[in-house]
Amino acid sequence: MTSKQRAYLRSLGNELEPVFQIGKGGLSEEILNQLDAVLEARELIKVRVLKSCLDDPGALADEIAAELGCDVVQKIGRIFLLYRPAEEPRIQLP
């Protein structure tokens, strides 16, 4: 992914509210399955890691990206933005 594409996705992500929260249970297989379904439906999602989660938010984002084959577009504090194009992409990257 180029820096121009990443910047474009960040601009789209500014308007998004977090659609997923990871709490004290951490990352489980069920959460990964749900994230996979949401990524397929929306392509670009914002995820929040709650303070009750003891895992590092950056490490969680990288682990999710590796498991689901998506890109981490942005990490800010306890919030990160994930992108994976769907089979029929709705977001046209520059």
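Residues numbered from 1 in each chain as written. Predicted model: local features only at pLDDT ≥ 70, side-chain atom pairs only at ≥ 80, totals over all residues. Heavy atoms only, no water.

**Looking at the pairing of strand β2 (residues 44-49)**
Inference 1: Burial analysis of β2 places five of its six residues in the buried class, the great majority of the element.
Inference 2: Note that strand β1 (residues 20-22) and β2 share three bridges and pair parallel. Residue pairing across strands places Gln-21 opposite Arg-48, the latter belonging to β2.
Inference 3: The β-α-β motif built from β1, the intervening helix α2 (residues 29-42) and the parallel element β2 has right-handed crossover chirality.
Inference 4: Where β2 lies against strand β4 (residues 79-83), five bridges are found, and the strand directions are antiparallel. The residue bridging Lys-46 from the neighbouring strand is Leu-81, located in β4. (Buried < 20%, exposed > 50% of the residue type's maximum accessible area, 1.4 Å probe, protein only. Helix = DSSP H or I, 4+ residues; strand = E, 2+ residues; numbered from the N terminus. Pairing = 2+ DSSP bridges. Right-handed = clockwise from strand over helix to strand, strands pointing away.)

**Some points on the side chain of Arg-84**
Inference 1: In this structure, Arg-84 sits in the segment after β4.
Inference 2: Once you skip the residues sitting within four places of it in the chain, Arg-84 turns out to touch Asp-36, Leu-39, Glu-40, Glu-43, Leu-68, Gly-69 and Cys-70. (Contact = heavy atoms within 4.5 Å.)

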